[in-house]
Amino acid sequence: QVQLVESGGGLVQAGGSLRLSCAASGRTFSRYGMGWFRQAPGKEREFVAGLSRSGTRTYYADSVKGRFTISRDNAKNTVYLQMNSLKPEDTAVYYCAAKSIDYFTIYDTPTEYAYWGQGTQVTVSS
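Source: prediction; values computed, not measured.

Rules behind the numbers
- Residues numbered from 1 in each chain as written.
- Predicted model: local features only at pLDDT ≥ 70, side-chain atom pairs only at ≥ 80, totals over all residues.
- Heavy atoms only, no water.
- Helix = DSSP H or I, 4+ residues; strand = E, 2+ residues; numbered from the N terminus.
- Buried < 20%, exposed > 50% of the residue type's maximum accessible area, 1.4 Å probe, protein only.
- Disulfide = S-S within 2.5 Å.

J.: Looking at this structure, how should I read unusual backbone geometry?
T.: Where the residue is not glycine, phi is negative for most of them; where a peptide bond is considered, it is trans in most cases. Not every positive phi belongs to a glycine, and Asn 77 is a case in point at roughly 55 degrees. Along the chain, Asn 77 falls in the loop between β7 (68–73) and β8 (78–83). Asn 77 sits in the buried class, given a relative accessible area of 17%. Backbone geometry at Ser 85 places phi at a positive 50 degrees, although glycine is not the residue there. The topology assignment puts Ser 85 in the loop between β8 and β9 (92–100). Assessed through its relative accessible area of 40%, Ser 85 is described here as partly exposed.

J.: For this particular structure, what's the right way to read the state of the cysteines?
T.: Here a disulfide denotes one covalent bond, and it connects the sulfur atoms of two cysteines. For the structure shown, the criterion picks out one disulfide. The side chain of Cys 22 participates in a disulfide bridge whose partner is Cys 96; the two sulfur atoms lie 1.9 Å from each other. Across the S-S bond of Cys 22 and Cys 96 the torsion is about 45 degrees, and the bridge reads as right-handed. Here the residue Cys 22 occupies a position in strand β3 (residues 18–24), and Cys 96 occupies one in strand β9, the gap between them amounting to 74 residues. Taken individually, Cys 22 and Cys 96 each receive the classification buried, so the pair is uniform in this respect.

So, in structure tokens, the structure goes:
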């Protein structure tokens, strides 16, 4: 089992950057594939980015490709989401999620993930 705590959200102007962090408890962080999702008011939770357990494979939603980067530091039990060139439509609560999986698979549907953080708010002003 793993517990996840996100941080790094806030208010930023359009075109700005933020880096979200997700700290995981436990000694088995390297066994988990990780994902970032977001949910805006009145909308369903959507996939943003995924990172394989190996750390060598990534996958992004088309809406963030080229602007966001997901990475992990297993020594720190932390996964990051670097968000650049932010747009007002990126405004949402951002969640990290974990799934115990094989070395290279990435899932992009929320139901595949067993563990979730509490979320961190990102607001992008125009």
